[in-house]
Amino acid sequence: MMNQSYNQPSCRYARNMDSCMQAQSCPKPLPIPSCPCEQMTKEQLLEWISLTKFACVDANLYLDTHPDDTAAIQYFQEHNRLYQKAMNEYARVYGPLTVSHAQHCSSYWDWVNQPWPWQ
């Protein structure tokens, strides 16, 4: 069975793509988790890192084509702050996920010997 909706605009409230694009607004901020990063389990912290990173990447892509959108800039800055805080907390407790967050290791290359996120 072939999907016939491929010719339709992605916005169900608009008849053409121009009015659809004008109707869009900046997404709502992610809900702040019920506990701070310091009190999250390893799995919760990894999920929070994933959510905030996705929000940053998505906002960054939007800002590539809308560089003057101040609401989007604020959205990106807030979610980037949350992402960096979560990454720093994860690196402090469990070891860095990326080499750029390896500042908590006694020597730069010790981070490689720590357990990997999937271990």
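Residues numbered from 1 in each chain as written. Predicted model: local features only at pLDDT ≥ 70, side-chain atom pairs only at ≥ 80, totals over all residues. Heavy atoms only, no water.

Quick look at the overall build of the chain
- In terms of helices and strands, the chain carries three helices and zero strands.
- Overall, the chain shows an N-to-C arrangement of helices and strands of α-α-α.
- Per-residue burial over the chain gives 26% buried out of 119 residues.
- Here the analysis covers contacts within the chain between residues at least 6 apart in sequence; of these, 44% occur between residues at least 24 apart.
- Carbon and sulfur atoms make up 54% of the accessible area of the chain, which amounts to about 9,000 Å² in all. (Helix = DSSP H or I, 4+ residues; strand = E, 2+ residues; numbered from the N terminus. Buried < 20%, exposed > 50% of the residue type's maximum accessible area, 1.4 Å probe, protein only. Contact = heavy atoms within 4.5 Å. Areas by Shrake-Rupley, 256 points an atom, 1.4 Å probe, with all protein chains shown as cover.)

Some details on the nonpolar core
- In this structure, Cys-37, Met-40, Leu-45, Trp-48, Ile-49, Cys-56, Leu-82, Tyr-83, Ala-86, Met-87 and Tyr-90 together form the largest nonpolar core, which totals eleven residues.
- Looking at this core, the elements with two or more residues in it are helix H2 (42-65) and helix H3 (70-94).
- In terms of residue count, the dominant contributor to this core is H3 (five residues). (Core = buried A, V, L, I, M, F, W, Y, C linked by side-chain atoms within 4.5 Å.)

What about the side chain of Thr-52?
- Its location among the elements puts Thr-52 in helix H2.
- Given a relative accessible area of 0%, Thr-52 falls into the buried group.
- With sequence-adjacent residues up to four places away left out, Thr-52 is seen in contact with Leu-30, His-79, Leu-82 and Tyr-83.

Brief notes about the confidence of the model for the chain
- With 65% of its residues at a pLDDT of at least 70, the chain reaches an overall mean of 74.
- Confidence, expressed as mean pLDDT per element, reaches its minimum in the chain at helix H1 (residues 17-23) with 41 and its maximum at H2 with 94.
- pLDDT under 50 marks residues 1-23. Its contacts with residues more than four places away, or in other chains, come to seven contacts. (pLDDT = per-residue confidence, 0-100.)

Examining the pattern of salt bridges
- Counting across every chain of the model gives two salt bridges.
- The salt bridge partner of Arg-81 is Glu-78, with a shortest N-O separation of 2.7 Å. Separated by three residues within a single helix, Arg-81 and Glu-78 lie in helix H3, roughly one turn from each other.
- Under the relative-accessibility criterion, Arg-81 is labelled partly exposed at 44%. (Salt bridge = Lys/Arg side-chain N within 4 Å of Asp/Glu carboxyl O.)

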